[in-house]
Structures are given as structure tokens and as C-alpha cells.
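Residue-level listing of the chains:
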Amino acid sequence: MKQITNFFWFCSGVHQETLEKYPAEHNKYVGIGATIFFTALFATLSGGYAMYFVFSGGKLAILYSLLFGLIWGLAIFNMDRYIVSSISKNNSGWKQFLQATPRILLAILIGIVISRPLELKIFDKEIREQLKVTYLNRQRANIDTLNIAFENKYGIELGKLNELKTERDSVESTLKSDRLKLNLETFGDKTPETSGIVGYGPYAKRRQADLDKQEQYLDTLRATIQQQETFIQQRKQFDGLLDEKLLTGTQLDSVVNVAGFANRNAALGDLKYNADGSENTTNYWAITFIMLLFIFFECLPVFVKLMSARDAYDIDIQNMQSVDAHRSIKNRDAEIEIIDGVHDTRVQSGIEKAKKEYLKPY
């Protein structure tokens, strides 16, 4: 326990030899040091997790993430230690607050930076699903853009193809109607358009000849349409439209697995909103409160130092600083007097030497 206590005292940035003289203050600075330590630990995990996605796919991704996480954690630890230890309790409350304001702002910024990668890990499953939706929507939009560009480029050919298909449908409808009339003519059914004579007579033969011509024309239309569709398909292949396909489940999972930090961060932001653009209050407040928790956790050592009363340790530190300042001033005065004395001696010696030279007979 003694080693743990000394370690947390080191984390809090106190002068341990002085603090040991005041047992009543030990626990307070153990708590401050523990808060700084665990904040740095969270920063290490957060930074390492973020850098893992930056270097994901590389052979040394884990090594890089561990190295950067350690460096980032040490940087946050040193910064927090400095922030807390530099707040002087010997000033007035308002002056202490002004002194701590830039440090509080810095602590808020650090809390936001630390919380983001950990939020990505907490909402990992939801982020994966959101990334799938985002990638599919992006693919659909890309395909739609290519189709629009293709339609603009080959508008004449596509218009001609549509006209041919419309004419084909019209001819097929006419053929169907004429075949019905031919059957009525052959069986002798009397209508305004049939003779009512049973058998394959002159009227029936005439209708059959018309049907043959229409079927020949329909075959020509179908061949032309086939040629036009083949040309359109070739152009689509050339322009890359046929290569654009929506990702399947396995392919989508593979793409999501290699998604970078920026994409995951954007997906986390998208979780705050529903598909129709309205705000998803559940996800919005969950993400916000996690961020606020880390901000409060980062600011906690500063708030504890500000709220704590001026104790014996603070008074002793102030006295030590006053003694050190006084000693420094006296040392300065002593050095000045020594220099002045040496200077006066040197001047007097020079005067005596000059007198001897001046009074020396020629």
C-alpha cells in the first residue's frame, strides 16, 4: 500500500517529502493522483484503439497502435499532472478560477478527444450496421449517376429503341385482333367485319395474307430491337455500368471490417438521426452523455483541487517557496556585493599602481 500511495502521490504532482509530514492530507492527494492515472489509462486505450483503425490491414498495426496508445497516454498523463499541480491554493478563489480556466478548457478538449474512440468501440455493432447502409446507399447513388450519364450520352439510341418497342407492341396487338377476326371468318361468324361464310374462302385468304405481312414486319421489328439492345448492352459494358453491382452480405462484411477511423466516426454521427432525417433521441443522448462523462472525468482533478480548502500542505509549500525566493534574493545580493567588492579592490589596486608609475622619477 505504501508503494501504491507513493505512486499516486507522484501522479498528483505533489512534493512527497513535504506531504508526508501531514497525514490528514494523504488520502486527498491519493484520490487526485488516482483520477489522473485512470484518465491517462483511458487515453491510452482510446488512442491505441483509434490508431488500430488508422493502420488496419498492415502487418504492424497492433504494434503501432500499442506504441501510439502508450505515447498518447503518457502525454495526457503529463498534461493532467501539470494542470493540477500548477494550480496554486495560496491565491484568492477568483484568481484560482481564472488561473484554472484555460486548464479547464484544455481538460474539456482532452475529454472530447479521449471519449470519441471509446464511443466507437461501445457502439461498434450499431456502427457496423450503419456502415452497411451507408455503403449500399453510396453504391446505389453511384449506379444512378452512371445511368443518368449513360442516358444523356445515348439519348437518341435509347429513344429509338423505345419507339421500336412501342411499335412492336402495337403490331402484336393488331396481330392478335386480326387472328381473332380470321377465326371468326373461317367459322362463319357474322360480324360487321366478317362475311359470315363458313370455310377458308376469299375473305379468309385475304386476311391470312395480311397476317403474314404483319408477322414478317413484326419479325423485322424484333430483329431490329435485338440489334439495338445488343448495341446498348455493349455500350453499357464499355462505360462500366455492368461492372457496378451491389455488394453481397459477405462482401459487405469484408468492406466494413477494413473501414477506417473517419468512416466509423461519420457512421457514429449518423446514428444520431433516423433514415427520414429526424433526430434519434435515444442514440443522440446516449452518445452525448458518454462524451460528457469523460469530459467530467477529465475535469474532475481540477475541480477537486479548486473545491478543496487551503490545507497545511499548501501553506508549507508556500512557505518553502517564500524561503526559496528569499534565499534567491539574498544570494543575488551577496553576489552583487562580492562583485562590487572585487571591482572596488581592482579599482583601488589600479589607482595605486598608476600613482607609482606617475611618481616614478625619470
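Given the structure is predicted, the values throughout are model-derived calculations rather than measurements. (Residues numbered from 1 in each chain as written. Predicted model: local features only at pLDDT ≥ 70, side-chain atom pairs only at ≥ 80, totals over all residues. Heavy atoms only, no water.)

A. A look at the overall build of the protein. Assigned secondary structure in the protein consists of 12 helices and 0 strands. Reading the secondary structure of the protein in the N-to-C direction produces α-α-α-α-α-α-α-α-α-α-α-α. Counting only residues that meet the buried cut, the protein has 30% of its 362 residues in that class. Contacts in the protein between residues at least 24 apart in sequence constitute 72% of all its contacts with a sequence separation of at least 6. (Helix = DSSP H or I, 4+ residues; strand = E, 2+ residues; numbered from the N terminus. Buried < 20%, exposed > 50% of the residue type's maximum accessible area, 1.4 Å probe, protein only. Contact = heavy atoms within 4.5 Å.)

B. Structural context of the side chain of Glu25. For Glu25, the position within the fold is in the loop between helix H2 (16–19) and helix H3 (26–54). Not counting chain neighbours up to four residues away, the residues in contact with Glu25 comprise Leu19, Asp311, Ala312 and Tyr313.

C. Focus on helix H1 (residues 2–12). Of the residues making up H1, those classed as buried are Thr5, Phe8, Trp9, Cys11 and Ser12. Projected down its long axis, H1 shows its buried positions confined to an angular sector of 155 degrees, all on one face. Opposite its buried face, H1 presents the exposed residues Lys2 and Gln3, each directed more than 90 degrees away. Looking at the buried positions of H1, the neighbouring elements they touch are H2, H3 and helix H4 (61–85). (Arc of directions from axis to C-beta.)

D. Broad picture of the nonpolar core. By size, the foremost hydrophobic cluster in this structure holds 22 residues, and its most contacted members are Ile114, Phe123, Ile127, Leu131, Tyr135, Leu268 and Leu271. Elements with a minimum of two residues in this core: H3, helix H5 (93–122), helix H6 (124–153), helix H9 (249–257), helix H10 (261–270) and helix H11 (281–307). Excluding its chain neighbours within four sequence positions, the residues that come into contact with Leu131 are Val256, Ala259, Asn263, Arg264 and Ala267. Listed in part, the 14 residues of the second largest apolar core include Trp9, Ala34, Ala40 and Phe77. (Core = buried A, V, L, I, M, F, W, Y, C linked by side-chain atoms within 4.5 Å.)

E. Expanded view of the pattern of salt bridges. The tally for this structure, following the rule as stated, stands at 12 salt bridges. Between Asp124 and Arg128 there is a salt bridge, with the nearest N and O atoms lying 3.3 Å from each other. Placement of both Asp124 and Arg128 in helix H6 is noted, with a separation of 4 residues, approximately one turn of the helix. Residue classification places Asp124 among the buried positions, given a relative accessible area of 16%. When the shortest N-O distance is used, the salt bridge between Glu129 and Lys132 registers 3.8 Å. With a gap of 3 residues between them, Glu129 and Lys132 both fall in helix H6, about one helical turn apart. In this structure, a network of salt bridges that share partners links the residues Asp124, Arg128 and Arg264. (Salt bridge = Lys/Arg side-chain N within 4 Å of Asp/Glu carboxyl O.)

F. Structural context of the environment of Thr220. Relative to the helices and strands, Thr220 is located in helix H8 (residues 202–239). C-alpha separation for the pair Thr220 and Arg168, spaced 52 residues apart in sequence, amounts to 9.7 Å.

G. Structural context of the confidence of the model for the protein. Residues at a pLDDT of 70 or more form 89% of the protein, whose mean pLDDT is 80. Averaged over each element, pLDDT in the protein is lowest for H9 (76) and highest for H1 (88). (pLDDT = per-residue confidence, 0-100.)

H. The arrangement of the environment of Asn265 in detail. With respect to the secondary-structure elements, Asn265 resides in helix H10. The contacts of Asn265, once residues within four sequence positions are left out, are Arg116 and Leu120.

I. Examining the packing of H3 against H11 more closely. Where H3 meets H11, the closest approach of the two axes is 10 Å, and the angle between their N-to-C directions is 155 degrees. Considering their axes alone, H3 and H11 lie roughly antiparallel with respect to each other. By crossing handedness, the relation of H3 to H11 is classed as left-handed. The residues of H11 that touch H3, namely those facing Tyr29, Ile32, Thr35, Ile36, Phe38, Thr39 and Phe42, are Phe294, Phe297, Glu298, Leu300, Pro301, Val304 and Lys305. Among the residues making up the contact of H3 with H11, the classes are represented as 10 nonpolar, 2 polar and 2 charged. (Axes fitted to C-alpha atoms, helices over the stretch in contact; angles between N-to-C directions. Parallel < 35°, antiparallel > 145°, perpendicular 65-115°, else oblique. Left-handed = near helix turned anticlockwise from the far one by under 90°. Nonpolar A, V, L, I, M, F, W, Y, C, P; charged D, E, K, R; others polar.)

J. Structural detail: the environment of His15. Mapped onto the secondary structure, His15 falls in the loop between H1 and H2. His15 sits 70 residues away from Ser85 along the chain, and the two C-alpha atoms are 9.7 Å apart. Sequence-distant contacts of His15, defined by excluding residues within four places in its chain, comprise Tyr313, Ile317 and Met320.

K. Summary view of the packing of H6 against H10. Axis separation between H6 and H10 bottoms out at 9 Å; the angle between their running directions is 95 degrees. Put simply, H6 runs roughly perpendicular to H10. Taking contact as the criterion, the partners of Asp124, Ile127, Arg128, Gln130, Leu131, Thr134 and Tyr135 in H6 are, on H10, Asn263, Arg264, Ala267, Leu268 and Asp270. Residue composition of the contact of H6 with H10, by class: 5 nonpolar, 3 polar and 4 charged.

L. Main features of the packing of aromatic side chains. On inspection of all chains with the given rule, the structure shows 9 aromatic pairs. Judged by centre distance (5.7 Å) and plane angle (35 degrees), the ring pair of Trp285 and Phe289 falls under tilted. Here Phe289 and Trp285 lie together in helix H11, a separation of 4 residues that amounts to about one turn. Members of the aromatic cluster, each reached through a chain of ring pairs, are Phe7, Phe8, Phe37 and Phe38. Between Arg81 and the ring centre of Phe10, over which it is positioned, the NZ or CZ distance is 4.4 Å. (Phe/Tyr/Trp six-rings, centres within 6.5 Å; stacked < 30°, edge-to-face > 60°. Lys NZ or Arg CZ within 6 Å of the ring centre and 35° of its normal.)

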